[in-house]
Amino acid sequence: MKLTGAQALIKSLEMQGVEVVFGLPGGAILPVYDPLLDSSIRHILVRHEQGAGHAAEGYAQATGKPGVAIVTSGPAATNIVTPLADAYMDSIPLVVITGQVATSTIGTDAFQEADTTGITMSITKHNWLITDANDIPRVVREAFHVATTGRPGPVLIDLPKNVSNSTMEWYWPRQVSLPGYKPTTKGHPKMIKEAAKMIASAEKPVFYVGGGVVRAKGAESLRRLVDLTQIPTVTTLMARGVLPDSHPMCLGMPGMHGNYAAVTSMQKADLLIVLGARFDDRVTGKVDAFAPNAKVIHIDIDPAELGKIRHAEVPIVGDVKSVMDDLFAELEPLQGHFRDISPWRKEIKSWQDTYPYSYDRAHEGPPLKPQMVIERIRDLNDEDTIVVSGVGQHQMWASQYWQFEKPNMWINSGGLGTMGFAVPAAIGAKVGRPDRTVWVIDGDGCFQMTAQELVTATTERIPIKVAILNNAYLGMVRQWQEMFYEERYSEVYLSPDLPDYVKWAEAMGCVGIRVVHPSEIDAAIEKANSITDRPVVIDFRTDTQEKVFPMVPAGKSNDEIVLGEDEL
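These remarks concern the structure in this document. What you see is a predicted model, and the numbers here were worked out from it, not measured in a lab. (Residues numbered from 1 in each chain as written. Predicted model: local features only at pLDDT ≥ 70, side-chain atom pairs only at ≥ 80, totals over all residues. Heavy atoms only, no water.)

**A short note on the overall build of the protein chain**
A count of helices and strands for the protein chain gives 23 helices and 20 strands. Over its C-alpha atoms the protein chain spans a radius of gyration of 24 Å, differing by no more than 12% from the 24 Å that the globule rule assigns to 568 residues. Projected onto its principal axes, the C-alpha coordinates of the protein chain cover approximately 70 × 60 × 40 Å. Here the protein chain, with 568 residues, has 59% of them falling under the buried criterion. Look at the contacts in the protein chain between residues 6 or more apart in sequence, and 75% of them connect residues 24 or more apart. For the protein chain, the exposed surface amounts to about 22,100 Å²; the carbon and sulfur share of it is 50%. Taken as two groups, the 53 positive and 69 negative side-chain charges of the protein chain have centres that lie 5 Å from each other. (Helix = DSSP H or I, 4+ residues; strand = E, 2+ residues; numbered from the N terminus. Rg over C-alpha atoms; globule rule 2.2 N^0.38 Å. Buried < 20%, exposed > 50% of the residue type's maximum accessible area, 1.4 Å probe, protein only. Contact = heavy atoms within 4.5 Å. Areas by Shrake-Rupley, 256 points an atom, 1.4 Å probe, with all protein chains shown as cover. Lys, Arg positive; Asp, Glu negative; His and termini not counted. Charge placed at Lys NZ, Arg CZ, Asp CG, Glu CD.)

**So, the sheet that holds strand E6 (residues 126-129)**
The 6 strands are arranged E3-E2-E4-E5-E7-E6 in an open sheet whose pairing can be described as parallel. Each edge of the open sheet is held by one strand with a lone partner, namely strand E3 (42-45) and E6. Neighbour-to-neighbour, the strand axes of the sheet open up by a mean angle of 20°, direction not taken into account. As paired elements, strand E2 (residues 20-24) and E3 share 4 bridges and run parallel to each other. Its bridge partner lying in E3, Val 21 is registered against His 43. (Pairing = 2+ DSSP bridges. Axes fitted to C-alpha atoms, helices over the stretch in contact; angles between N-to-C directions.)

**Considering the pattern of salt bridges**
The full count for this structure, using the stated rule, is 35 salt bridges. Taking the shortest distance from any N to any O, the salt bridge between Arg 224 and Asp 325 comes out at 3.6 Å. Pair noted here: Arg 224 is in helix H11 (residues 219-229) and Asp 325 is in helix H14 (residues 320-331), with a separation of 101 residues, a long-range link. (Salt bridge = Lys/Arg side-chain N within 4 Å of Asp/Glu carboxyl O.)

**Re the environment of Val 515**
Inspection of the secondary structure puts Val 515 in strand E19 (residues 511-515). In this structure, the C-alpha to C-alpha distance between Val 515 and Asp 539, residues 24 residues apart in sequence, is 6.1 Å. Setting aside chain neighbours within four positions, we find Val 515 in contact with Leu 368, Glu 520, Ile 521, Ala 524, Ile 538, Asp 539, Phe 540 and Arg 541.

**Side note on the packing of helix H9 (residues 189-201) against H14**
With their axes 9 Å apart at the nearest point, H9 and H14 run at an angle of 60° to one another. Judged by the angle between their axes, H9 and H14 are oblique. By crossing handedness, the relation of H9 to H14 is classed as right-handed. In this structure, H9 contributes Ile 192, Lys 193, Ala 195, Ala 196 and Ile 199 to the contact, and H14 contributes Val 323, Asp 326, Leu 327, Glu 330 and Leu 331. Within the contact of H9 with H14, the residues separate by chemical class into 7 nonpolar, no polar and 3 charged. (Parallel < 35°, antiparallel > 145°, perpendicular 65-115°, else oblique. Left-handed = near helix turned anticlockwise from the far one by under 90°. Nonpolar A, V, L, I, M, F, W, Y, C, P; charged D, E, K, R; others polar.)

**Quick look at the pairing of strand E5 (residues 94-100)**
Here E5 lies mainly inside the structure; 7 of its 7 residues are buried. The side-chain alternation of E5 yields two buried faces, one formed by Leu 94, Val 96, Thr 98 and Gln 100 and the other by Val 95, Ile 97 and Gly 99. Judged from the 5 bridges that link them, strand E4 (residues 67-71) and E5 form a sheet pairing that is parallel. Bridging across to E5, Ala 69 finds its partner in Val 96. Inspection of the sheet shows E5 paired to strand E7 (residues 154-160) by 7 bridges, in the parallel sense. Across the sheet, residue Gly 99 finds its bridge partner in E7, namely Leu 159.

Written out as structure tokens, the structure is:
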């Protein structure tokens, strides 16, 4: 069967089971958009290519399936660089297809030409420039394989226009042959036995659980391991919900804005069992002062992570779910011989009771306390609600004050810290999980970066809910300037009224609501939840002065954690 390269691309996506793509057409990719009309694949037309990438990320995080975005060449390709970098940092499976100028004009500075593969080489697992239409099915199959195996991540296919227009004889490769790409998934049995012995004899062990456990679909395996060992467990920003917050061994989030018990348990531990985490600087604080007395068992699919930041006495390369299952099998026969760690758990419980997350709950407002807003959204929704956040103070408050009971319910930009992530990512999450309510917790600074994608949401009837915690500032920057720059507030003021968020929301076809007084919060949330045919945006006027605590100042030891204003 003869097909054009463009037809072969769309058919290849169908063979991969792709149900939805996010994109924006343009000259170099135009041939690909024609066969899309005859395809079963749903196309979501975004208003900016960055939105396409973040929407594909949200779809991937909510569903566990790879997200797909299609954009044209030049500026479109450079616009999607940020989502690629974001997905690379957070190990999100993404397949991005970019148009390219004809092969005969590559390197001539042709109209809308950019060296897309060169630009994205360092922020993708792999990328391909296709020069022969016959390669399209093979490359597409390889791309999905690379994106979804080993440590997941983004890949990119750059497709010149003349290759899209040329013809090929259709085929579908039966298997992928990539001799240089063979991720290790099975942990070394000897190392797993050694890890089991260390866990059984530890006096103050802590499970340090990262987003890799979420990506590996390892929540059930983790819970079995925690239930067996009764070891206290921290869940990083990217792992929230992988162990239910209601679980007695769950300590919640560690790190710069983590809770005291989670941070201090890691500092005082004699053994860290690191599961799919990478010793991010926001978790460790000053590296040479981090968990100074702890030995380390480090389990990760990516061998490059082992020993990168912290030496591991027992490094194990492998799929973290598989290794956890093998570790469980080794530990189960030792159950009666575990060291008694009840004094350790008791000590941690005293920290939890003494130093919980706190804010001024007696404040009657206005302005609103942002933590209260999040708590009310949480309490007026069920545990199946997907929460998507931007980056900044609101992100930290959302992670702190939402109760996460399941994995894939918390979607945010962790490693890259991309402002503007939330609205398009929520669109992708809602497309992937239309049965779930999707709430965005956003800041006024973040919202202004990608709010135009609400036009996409309205047009495509994707009814997400957006809570803007409007404090009229770039809040996290303001907090740092207040704490570390002698209150010299340089270029952080945004204004509470410009733009008018309610009118802006209405102009984009959304329902716009403004909340100024605490007595109005519940009614606004309930109204938003009742609207299912269009997006809703709520402008919550929050306290400009509110800061995120606890906080470990940058470059300081986690032992120097600041619990509140009175310690400044």
